[in-house]
Amino acid sequence: MATVSSSSWPNPNPNPDPTSASDSDSTFPSHRDRGDETDSLDSFSSMSLNSDEPNQNSNRDVNINQSPISPPTPNLPVTPPPSVLHLSFNQDHACFAVGTDRGFRILNCDPFREIFRRDFDRGGGVAVVEMLFRCNILALVGGGPDPQYPPNKVMIWDDHQGRCIGELSFRSDVRSVRLRRDRIIVVLEQKIFVYNFSDLKLMHQIETIANPKGLCAVSQGVGSMVLVCPGLQKGQVRIEHYASKRTKFVMAHDSRIACFALTQDGHLLATASSKGTLIRVFNTVDGTLRQEVRRGADRAEIYSLAFSSNAQWLAVSSDKGTVHVFGLKVNSGSQVKDSSRIAPDATPSSPSSSLSLFKGVLPKYFSSEWSVAQFRLVEGTQYIAAFGHQKNTVVILGMDGSFYRCQFDPVNGGEMSQIEYHNCLKPPSVF
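What you see is a predicted model, and the numbers here were worked out from it, not measured in a lab. (Residues numbered from 1 in each chain as written. Predicted model: local features only at pLDDT ≥ 70, side-chain atom pairs only at ≥ 80, totals over all residues. Heavy atoms only, no water.)

Q: Teacher, can you tell me more about the sheet that holds strand β28 (residues 393–398) here?
A: For sheets, the rule is that strands pair by backbone hydrogen bonds, running either parallel or antiparallel. The strand order across the open sheet formed by four strands is β27-β28-β29-β31, and the pairing between neighbours is antiparallel. Whereas interior strands pair on both sides, the edge strands pair on one side only; in this sheet they are β27 (383–387) and β31 (417–423). Ignoring strand direction, the axes of neighbouring strands in this sheet form an average angle of 20°. (Pairing = 2+ DSSP bridges. Helix = DSSP H or I, 4+ residues; strand = E, 2+ residues; numbered from the N terminus. Axes fitted to C-alpha atoms, helices over the stretch in contact; angles between N-to-C directions.)

Written out as structure tokens, the structure reads:
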């Protein structure tokens, strides 16, 4: 169980909304999955809060000098760029985090600029970097050939102090971490732990099917929390509504779940399977299918799904090297399809048209909803995408360090136009 000094532990939400009290109700642990209470010993935490004696075993020397790096001396070999182990956006897609085999760095999306980097002196691989909006608190997990921290520990990093102030340890490797202002969610291969942020009290445990990617999504709205994770069956997702203490299971696909994403308010869920051909959008309250869109006809591995802030658009990236943008008609539960998204040459079919006559026997493929806009990238690199803060823009991050900002035409669609490119692995002197 978690132990922490409340006087030293940072409060990520200094002005908590009183409506969120139901999330941390003292009776909530009864909502845990069935099982022996001793099962909670699968996780424990230990805190290192003495600023004079940082834990040298879990926090190696760190170089926090942010001054620009001088150009290399011509006679000396140039240090190769680090290898990327992790990429993720923060909760509102305004920033993104990069974990490398030397440390981690945080960058701003608009305008593109490096905010800070932390390169560790010895080794320093970081495989998970989870931000909390623009807060100074980060969650780190070690990884790579020479991990900075054990891969079975979540290290709580305070960048104001430039060191780790606590840790959560587990019996198996941590696959991913999700943060809210009131919760820390840790994802293992077949279990998920939900902690209260203020005191690291364990609130909930969830059993899942094998989840090597660490799939998990949480809403970010003030008050009630919605958490989505794989269920216990292939193709199933589990939706936890913590305010109402209700659990909903949805059979989203026939194949294994490969990726999913929530809207900020947690009302809509987009899912993709290992086939990667269809993307489905569900209502999280009743589990109903609201919309289905088609990425393509051939199999693909879906790398990322992302809703726009108003849930009008959905971005999808895959191993085919193309980022798709789909128009959604389910954002308010009652919005009708925007006629501006219909292709210019599309005309309503009359009851006597051949399309109407054979609609009942045409394959579902021909009646699918296809993407409005696309952006072509190089195949072979993993990319994740999210919507930018500028209107009708998409930000794309690549595991090769690439950063793209592109713009799409919401009326005519088609190929997106590239408006910006950078490489986030360059030394700080070039930013």
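Q: What is the right way to look at the pattern of salt bridges in this model?
A: A side chain of one charge can pair with a side chain of the opposite charge when the charged atoms of the two come close. Following the criterion strictly, the structure yields 17 salt bridges and no others. A salt bridge links Arg117 to Asp119, with the shortest nitrogen-to-oxygen separation between them at 4.0 Å. (Salt bridge = Lys/Arg side-chain N within 4 Å of Asp/Glu carboxyl O.)

Q: Honestly, the nonpolar core in this entry has me stumped. Any pointers?
A: Grouped burial of nonpolar side chains is what soluble globular proteins tend to show. Counting 22 residues, the largest nonpolar core has Val154, Phe170, Val177, Ile184 and Val186 as its most contacted members. Counting only elements with at least two residues in this core, the list comes to β8 (137–142), β9 (153–158), β10 (163–170), β11 (176–179), β12 (183–187) and β13 (191–196). (Core = buried A, V, L, I, M, F, W, Y, C linked by side-chain atoms within 4.5 Å. Buried < 20%, exposed > 50% of the residue type's maximum accessible area, 1.4 Å probe, protein only.)

Q: Got a minute to help me understand the side chain of Asn108 in this structure?
A: With respect to the helices and strands, the residue Asn108 is situated in strand β5 (residues 103–108). The exposure class assigned to Asn108 is buried, which follows from its relative accessible area of 3%. Not counting residues within four places of it along the chain, the set of residues in contact with Asn108 comprises Ala94, Cys95, Phe96, Arg113, Ile115 and Arg134. (Contact = heavy atoms within 4.5 Å.)

Nothing here speaks to function; it is geometry throughout.
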